[in-house]
Every structure is written in structure tokens, then in C-alpha cells.
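Here is how the chains run, residue by residue.
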Amino acid sequence: MYIAVDTTVTNYTNMLYGKPNLDIQAVENYTYRIDQAQLVNLIDSISPVDAEVYLSGALLGYNHEYKELIVSNPNYQYSYVYNFKSNSWHKISESYKLFINVWPKLYGVRYNTSNGGEFDGVYDFTDEQFDYYINTLTVTRPCKVNDNIDFVLIHRAIQRCVIETTPLCYAGLFVIGSNDQVIDKSLGGVFLKRTIIAVQI
């Protein structure tokens, strides 16, 4: 996806391209953790296809209020969002069948794909509500461990990790690894319900 400004053309989707890690999606412990109602419950938002395939049937909408470009394919249960302020992509666990631009507002027409594609209302992107909990999942890129020194450094970083949350909010941190880059398995993790979590694995 390219955006042209004057004579400058920028490819904003290069960082999205690449096959999804289907191997790690096959790890039972991984899918179990991200399919819990008390934790994130985002199993349907994990990418089953490369972003290039996703974009082939996607719609675009621009949120002027938050300077965000929403890329949504109604055949999937998630959308990509590019924030021009932070120059970064993230995903949301909603998809839209139609965008309605009424400048400066942007509306998205939703259909519940898990319920036979029934109409699920119109969402106002410029009227965000912050009075309810949302599921959030952060997955890092693979980190190559060359020897025991690297492993110790990673292990110490995990041990020193502190996750601060609001009351009644669940949080967890999990490490999954592989010796042969073929078979992944869970190496450890913690899932607690506290205001501050000191993670130790």
C-alpha cells in the first residue's frame, strides 16, 4: 500500500509483510493462553495469512481525529491500524464491511462474522470510550539465543519485568522457544490477577 504526498511515494505496508508464524500457533500452550476470557481471548485475531493476502480484499478508512488509517477486510475478524503520529502499526479485534466518511468523523459498519454475518451496528472512530476493559496482546519478534550468556541475559530481563495494571485486570507474560526452529514449546510464564505483577519464571 503506497501513499503519495507531492512527489514522495511511501510504502507503508513493508513492515507488515511476511508469513505468519503458523508453527507457534500450533503450540497448544500458546493458543490456550490467548483463548481465555479472563486473559485476552484474542485467538480469532491472530493472523492466519500474510498481510499482503489480507490487503487484497481490504477497505480503507481515515480517522482524522487520531491520525489513523484503518485497513479492514470483512472476511477476517481483525483490522490493521496505522498511526501517523507514532509511525507504527497495530491490530484491533474488529472488522468492518463499510467505512462512512463524514469529515471529520469516520464511521465503520460492523457485521458479526461469528454469528452468521448479522448486522452489528455502526462504530464512531472519533468517539472513543475509555470506561471499559479491552483485551491487549503484545507478541515480540523471535529472539535468537546463541549461547548460555544470551539465555541468562534474557532470563534476567524477564525476572526483572514489572507489569502494572488497574484493579480487576488480568495480566500475563509467557516465553515460548524452539531448539530447531520447527517445534515450539512453552518455556515458562506467569498469569496473575494483581495490581502490580513482578514476573519471575
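Described below are features of the structure shown in this document. The structure presented is a predicted model; accordingly, all values stated were derived computationally and were not measured.

**Let's talk about the overall build of the chain**
- Along the chain, the regular secondary structure elements total four helices and 13 strands.
- A separation threshold of at least 6 residues defines the contact pool for the chain, and within that pool the share at least 24 residues apart is 42%.
- Surface exposure of the chain reaches about 13600 Å², of which carbon and sulfur atoms provide 52%.

**Overview of the sheet that holds strand E3 (residues 59-63)**
- Taken together, four strands build an open sheet; the order of strands is E3-E4-E5-E6 and the sheet is antiparallel. Only two strands of the sheet have a single neighbouring strand rather than two, namely E3 and strand E6 (88-92). Within this sheet the neighbouring strands show an average axis-to-axis angle of 25 degrees, counted without direction.
- Where E3 and strand E4 (residues 68-72) come together, five bridges link them in antiparallel fashion. Counterpart to Leu-59 in the pairing with E4 is Ser-72.

**Some points on the side chain of Arg-110**
- Mapped onto the elements of the fold, Arg-110 is located in strand E8 (residues 105-112).
- Here Arg-110 falls in the buried class, since its relative accessible area comes to 18%.
- Not counting residues up to four positions away in its chain, the partners in contact with Arg-110 are Glu-94, Ser-95, Tyr-96, Glu-118, Phe-119, Asp-120, Gly-121 and Tyr-123.

**A short note on the pattern of salt bridges**
- Under the defined criterion, the tally for this structure stands at two salt bridges.
- Here Arg-110 ties to Glu-94 by a salt bridge, and the two come within 3.6 Å at their closest N and O atoms. In this pair, Arg-110 is assigned in strand E8 and Glu-94 in the loop between E6 and strand E7 (98-102), connecting sequence segments 16 residues apart.
- Owing to a relative accessible area of 30%, Glu-94 belongs among the partly exposed residues under this scheme.
- Between Asp-124 and Lys-105 there is a salt bridge, with its nearest N and O atoms 3.4 Å apart.

**Some points on the side chain of Glu-68**
- If you trace the backbone, Glu-68 turns up in strand E4.
- Buried within the structure, Glu-68 lacks any salt-bridge partner; Lys-85 is the closest side chain of opposite charge, at an N-O distance of 8.4 Å.
- Residue contacts for Glu-68: discarding those within four places in its chain leaves Gly-61, Tyr-62, Asn-63, Val-81, Tyr-82, Asn-83 and His-90.

**Regarding unusual backbone geometry**
- Cis peptide bonds are those with omega within 30 degrees of zero, and the linkage from Trp-103 to Pro-104 qualifies with 5 degrees.
- One can find Pro-104 in the loop between E7 and E8.
- Residue Lys-67 is not a glycine yet carries a positive backbone phi of 55 degrees.
- Considering the arrangement of structural elements, one finds Lys-67 in the loop between E3 and E4.
- Relative accessible area serves as the criterion here: at 29%, Lys-67 is assigned to the partly exposed category.
- Its identity is not glycine, yet Asn-87 carries a phi of approximately 55 degrees, on the positive side.
- With respect to the secondary-structure elements, Asn-87 resides in the loop between strand E5 (79-83) and E6.
- With relative accessibility at 48%, the residue Asn-87 sits in the partly exposed group.

Conventions and cut-offs
Residues numbered from 1 in each chain as written. Predicted model: local features only at pLDDT ≥ 70, side-chain atom pairs only at ≥ 80, totals over all residues. Heavy atoms only, no water. Helix = DSSP H or I, 4+ residues; strand = E, 2+ residues; numbered from the N terminus. Contact = heavy atoms within 4.5 Å. Areas by Shrake-Rupley, 256 points an atom, 1.4 Å probe, with all protein chains shown as cover. Pairing = 2+ DSSP bridges. Axes fitted to C-alpha atoms, helices over the stretch in contact; angles between N-to-C directions. Buried < 20%, exposed > 50% of the residue type's maximum accessible area, 1.4 Å probe, protein only. Salt bridge = Lys/Arg side-chain N within 4 Å of Asp/Glu carboxyl O. Lys, Arg positive; Asp, Glu negative; His and termini not counted.

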